[in-house]
Amino acid sequence: MAAAVFPQAIGTLQWHQYLTDCNLHQELGSTSVKLTNGFIFSNGFFRRGCYCSRTRNFTVIQSSASQTSVFDPVKAPSRSNTSESRKKSNEAALILIRHGESLWNEKNLFTGCVDVPLSKKGVEEAIEAGKRISSIPVDTIYTSALIRAQMTAMLAMTQHRRRKVPVVLHNESEQAKAWSQIFSEDTKKQSIPVIAAWQLNERMYGELQGLNKQETADRYGKEQVHEWRRSYDIPPPNGESLEMCAERAVAYFRDQIEPQLLSGKNVMIAAHGNSLRSIIMYLDKLTSQEVISLELSTGIPMLYIFKEGKFIRRGSPIGPSEAGVYAYTRSLAQYRQKLDEMLQ
Ligand SMILES: O=C(O)[C@@H](CO)OP(=O)(O)O
């Protein structure tokens, strides 16, 4: 694919514009651009974790057309539909979704490891998230052990155009394993394994669990509560800091999920604000300072491409009916086209 050539200076970009303006992203997508503030836009995203700030201005000071599209098809019929070529391309999609709004989010209560379900709005958000990723391949699903993440994953998958059935694996005992076997290879092929892991749970919020966030801020002060909620290494009373949460969540990601991606499997993770913040910190190499301002919205999927051992952030996919979906790589566009043909 030929790369677009940018003039030496094209003015000012707003990060918000990057997030929402598909055409801009497409134009930039195949070009390396150096920006003021030391930020570099290449391979479809800004480096240095600057997405924490949605309102920052970027002035383009230099560009190069050396970067062509780096994304080979994940599962494109012409190039990557054999396990051999998959291994060679070493590329896979990774979708991260924070669960939809829960009944305690709605009431503004600290939730942590308390297992509460989605609110009505959360159910709608999960379905909407499913529409956004309905044309992105998913081979394996990881969720936390908490119902709000599991509901989100399942509701999202009801929208997937491939129509595979998510099946929760029960490996907690030999008997559970034996009793949940599937005896048809064809049916297995039409299923997506769902693995629930406590390591992906929300951070344990200690003695804040069940307290109202506003009342807690009124009592202990806004700054103290912000420190408990967003700092990297300060735990809430008797709870986990983000660092402690990362020790289990990132270890699980590296031990269990990365090998799947390495083997070419497309993975979706439905988890929580803080367990996902810790994973994003690892993926985007954010510092403990940068992660403070990282906030994740409920029910908004984020797409990464894993290629040659690197995670490339592609933004949040929007519905297949929208023109110019910036999050799609060429290979994902091919997968989507294949679905279009199949479903005609
Ligand atoms: O209550 C919680 O478990 C989390 C996520 O909802 O809250 P916070 O935004 O403080 O991380």
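Nothing here was measured: the structure is a model prediction, and the numbers come from that model.

J.: I'm lost on the site of the ligand in this one. Help?
T.: Neighbouring the ligand are Arg98, Asn105, Leu109, Phe110, Thr111, Gly112, Glu202, Tyr205, Lys213, Arg229, Arg230 and Asn274. Between the ligand and Thr111, the relevant distance is 2.8 Å, taken from an oxygen atom to a main-chain nitrogen or oxygen of the residue. A distance of 2.7 Å separates an oxygen atom of the ligand from a polar atom in the backbone of Gly112. If the ligand stood free it would expose 310 Å²; the protein chains cover 95% of that surface. Class assignment of the residues belonging to the shell around the ligand gives a composition of three nonpolar, four polar and five charged.

J.: Honestly, unusual backbone geometry in this entry has me stumped. Any pointers?
T.: If a residue is not glycine, its phi is most likely negative; likewise, a peptide bond is most likely trans. With phi around 55°, Asn238 is a residue other than glycine that occupies positive phi space. Note on placement: Asn238 falls in the loop between helix 10 (222-230) and helix 11 (242-262). Asn238 gets classed as exposed once you look at its relative accessible area, which sits at 60%. Here the phi dihedral of Glu308 falls at roughly 45°; this positive angle occurs in a residue that is not glycine. Counting through the fold element by element, Glu308 comes out in the loop between strand 11 (301-307) and strand 12 (310-315).

J.: How should a negative patch on the surface be read in this particular structure?
T.: A contiguous patch of negative charge on the surface is contributed by Glu223, Glu227, Asp233, Glu243 and Glu247. Those elements that place two or more of their residues in the negative patch are helix 10 and helix 11. Inspection of the secondary structure assignment puts Glu223 in helix 10.

J.: Just to check I follow, could you spell out the packing of aromatic side chains for this structure?
T.: The geometry of two aromatic rings is summed up by the distance between their centres and the angle between their planes. According to the stated counting rule, one finds six aromatic pairs in the structure shown. Ring plane angle 70° and centroid distance 5.9 Å describe the contact between Phe253 and Tyr282, whose orientation is recorded as edge-to-face. On the criterion of sequence distance, the pair formed by Phe253 in helix 11 and Tyr282 in helix 12 (residues 273-283) is long-range, its members being 29 residues apart. We classify Tyr282 as partly exposed; its relative accessible area is 26%. When the ring of Phe253 is compared with that of Phe311, the centres are 5.7 Å apart and the planes differ by 55°; the resulting orientation is tilted. On the criterion of sequence distance, the pair formed by Phe253 in helix 11 and Phe311 in strand 12 is long-range, its members being 58 residues apart. In this structure Phe253 comes out as buried when scored by relative accessible area, which is 0%. Here the guanidinium or amino end of Arg203 rests over the ring plane of Tyr205, the centre of that ring lying 4.6 Å away.

J.: Would you explain the environment of Arg161 in this entry?
T.: Here Arg161 shows up in the loop between helix 6 (147-157) and strand 8 (165-168). With 181 residues separating them in the primary sequence, Arg161 and Met342 have C-alpha atoms 9.7 Å apart. When sequence neighbours within four positions are dropped, the list of residues in contact with Arg161 reads Ser134, Ser135, Arg336, Leu339, Asp340 and Leu343. For Arg161, the side chain forms a polar contact with the side chain of Asp340, separated by 2.6 Å.

J.: How should the pattern of salt bridges be read in this particular structure?
T.: Any two side chains of opposite charge can pair if their charged atoms end up close together. Applying the stated criterion across every chain yields a total of eight salt bridges. With a shortest N-O distance of 3.8 Å, Glu101 and Lys121 are connected by a salt bridge. You can see Glu101 sitting in the loop between strand 6 (91-98) and helix 4 (103-106) and its partner Lys121 sitting in helix 5 (residues 120-132), a full 20 residues away along the chain. Judged by its relative accessible area of 45%, Lys121 is partly exposed. Of the charged contacts, one joins Arg248 and Glu240 as a salt bridge, the two residues approaching to 2.6 Å between their closest N and O atoms. For the pair formed by Arg248 and Glu240, the shared burial category is buried.

J.: Whenever I open this one, the sheet that holds strand 7 (residues 140-143) confuses me. Can you help?
T.: Sheet strands pair via backbone hydrogen bonds, and the direction of the pair is either parallel or antiparallel. Sheet architecture is open: seven strands sit in the order 8-9-7-10-6-11-12, paired in mixed fashion. Edge positions in the sheet fall to strand 8 and strand 12, since each of these pairs with one other strand and no more. Mean inter-strand twist for the sheet, computed between neighbouring axes without regard to direction, equals 25°. In this sheet, strand 11 lies alongside strand 6 in antiparallel orientation, the contact comprising seven bridges. Residue pairing across strands places Ile95 opposite Leu303, the latter belonging to strand 11.

Here is what the cut-offs are and how they apply
- Residues numbered from 1 in each chain as written.
- Predicted model: local features only at pLDDT ≥ 70, side-chain atom pairs only at ≥ 80, totals over all residues.
- Heavy atoms only, no water.
- Near = heavy atom within 4 Å.
- Polar contact = N/O pair within 3.5 Å; in protein donor to acceptor, adjacent residues only side chain to side chain.
- Areas by Shrake-Rupley, 256 points an atom, 1.4 Å probe, with all protein chains shown as cover.
- Nonpolar A, V, L, I, M, F, W, Y, C, P; charged D, E, K, R; others polar.
- Helix = DSSP H or I, 4+ residues; strand = E, 2+ residues; numbered from the N terminus.
- Buried < 20%, exposed > 50% of the residue type's maximum accessible area, 1.4 Å probe, protein only.
- Patch = residues over 30% accessible without salt bridge, like charges linked within 9 Å, V, L, I, M, F, W, Y side chains within 5 Å.
- Salt bridge = Lys/Arg side-chain N within 4 Å of Asp/Glu carboxyl O.
- Lys, Arg positive; Asp, Glu negative; His and termini not counted.
- Charge placed at Lys NZ, Arg CZ, Asp CG, Glu CD.
- Phe/Tyr/Trp six-rings, centres within 6.5 Å; stacked < 30°, edge-to-face > 60°.
- Lys NZ or Arg CZ within 6 Å of the ring centre and 35° of its normal.
- Contact = heavy atoms within 4.5 Å.
- Pairing = 2+ DSSP bridges.
- Axes fitted to C-alpha atoms, helices over the stretch in contact; angles between N-to-C directions.

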